[in-house]
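Analysis of the macromolecular model
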Amino acid sequence: MLGPNRYGKAETRLVRVFRNGDTHGLVDLNVSVALSGDLEATHATGDNSGVLPTDTMKNTVYAFAKEHGVGEPEEFALLLARHFVGSQPQVHGAKVSIESYAWDRLGPHSFSKRGDYTRTAVVDVQSAGTQVVSGVTGLTLLNSTASEFHGFPRDKYTTLPETTDRILATAVDARWRHGGDTTDWAASFAGALEALKSGFVATYSYSLQQTLMAMGTRVLTERDEIAEVRLTLPNKHHYLVDLSPFDLTNENEVFIAGDRPYGLIEGSVVRDDAPAAVAEWWL
């Protein structure tokens, strides 16, 4: 028996230039589409009468970028997902995922690609409703102090020393589910991003788990339109260098930045009255 399934076109790279006289605008996206619905025939017998070609999905992305323009990634994803569900009777659900790469303006038609994070948006249009999940990935944050870690259980394999002053650094992957499908997407994203940063900065941390809770709570406190926040926080370890062979004292000033292995902290912060999710989504 055929179980849950979907198909689509992944990672359609789209760059849209908006030519407003001598001053140009630039949008840079990576768009993935996945469709689900009445697709049993193609799996069972190879009958493709209900299979919209993935090449058509790619072409639709480019055509819509011209015909409708490209605004906020959530807005563009909603437009695409609703089109596929509304125009194909055999399609019952559409998931559109977008990575948005930011460029800083250097001149009227000159830009520099920003590398501090990638904005994300995932839209699910299903018979049960519509769900919008915004997010950010690769947001690297660091506190050079105001972090401790002690009081943890010890066994015969434990060698980690307790500390009352350490570097706390992480590369944030965050997703937040909206309570509805209409909002000011630009203001919402900017506000959520600022809340994540503020929550990190303002928390005197005794554990990265505590920091995760503070960051998620800050988003829900400041953004009423958001129902739930999910965070993945790798602990980017920094190890104090032993300078004693050189007759030097290292007073939490010189560190080795560790690569792997690393601690990985994951969790969600949910509003008490959050509506149920329409579709499964990333943690």
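These remarks concern the structure in this document. (Residues numbered from 1 in each chain as written. Predicted model: local features only at pLDDT ≥ 70, side-chain atom pairs only at ≥ 80, totals over all residues. Heavy atoms only, no water.)

Some points on the overall build of the protein chain
Counting its secondary structure elements, the protein chain contains 5 helices and 12 strands. Principal-axis analysis of the C-alpha atoms places the extent of the protein chain at approximately 75 × 60 × 35 Å. A sequence separation of at least 24 residues applies to 65% of the contacts in the protein chain between residues at least 6 apart. Carbon and sulfur atoms make up 51% of the accessible area of the protein chain, which amounts to about 15,400 Å² in all. (Helix = DSSP H or I, 4+ residues; strand = E, 2+ residues; numbered from the N terminus. Contact = heavy atoms within 4.5 Å. Areas by Shrake-Rupley, 256 points an atom, 1.4 Å probe, with all protein chains shown as cover.)

Here's the deal with the packing of helix 2 (residues 54-67) against helix 3 (residues 73-87)
Across the interface, helix 2 lies against helix 3 with an axial gap of 11 Å and an inter-helix angle of 130°. In terms of orientation, helix 2 lies oblique with respect to helix 3. In the crossing of helix 2 with helix 3, the sense of the turn from one axis to the other is right-handed. Contacts between helix 2 and helix 3 involve Met57, Thr60, Val61, Phe64 and Ala65 on the former and, on the latter, Phe76, Leu79, Leu80, His83 and Phe84. In terms of residue class, the contact of helix 2 with helix 3 is built from 8 nonpolar, 2 polar and no charged. (Axes fitted to C-alpha atoms, helices over the stretch in contact; angles between N-to-C directions. Parallel < 35°, antiparallel > 145°, perpendicular 65-115°, else oblique. Left-handed = near helix turned anticlockwise from the far one by under 90°. Nonpolar A, V, L, I, M, F, W, Y, C, P; charged D, E, K, R; others polar.)

Side note on the side chain of Arg223
Within the fold, Arg223 resides in the loop between helix 5 (208-222) and strand 9 (226-235). Apart from residues no more than four positions distant in its own chain, Arg223 is found in contact with Ala187, Ser188, Gly191, Ala192 and Arg271.

Observations concerning the layout of surface pockets
For the largest pocket, the calculated volume is near 630 Å³. Lining the largest pocket are 21 residues, and of these Leu160, Thr163, Arg166, His237 and His238 lie nearest its centre. Ranked by the residues each element gives to the lining of the largest pocket, the list is headed by strand 10 (residues 238-240), at 3 residues. Among the elements of the structure, strand 1 (7-20), strand 2 (23-37), strand 3 (91-101) and strand 6 (118-126) are those that each provide at least two residues to the lining of the second largest pocket. (1 Å grid on protein atoms, 1.4 Å probe; cavity = no way out; pocket = protein on both sides within 12 Å on 5 of 7 lines; lining within 4 Å. Points joined across faces, edges and corners; volume = space filled by probe spheres on them.)

Brief notes about the pattern of salt bridges
A full pass over the atoms with the stated rule returns 11 salt bridges. Between Arg119 and Glu72 there is a salt bridge, and its shortest N-O distance comes to 2.8 Å. Here Arg119, found in strand 6, pairs with Glu72, found in the loop between helix 2 and helix 3; they are 47 residues apart in sequence, far enough to count as distant. Among the residues examined, Arg119 registers a relative accessible area of 11% and is labelled buried. The residue Arg223 makes a salt bridge to Glu225 at a minimum N-O spacing of 2.9 Å. (Salt bridge = Lys/Arg side-chain N within 4 Å of Asp/Glu carboxyl O. Buried < 20%, exposed > 50% of the residue type's maximum accessible area, 1.4 Å probe, protein only.)

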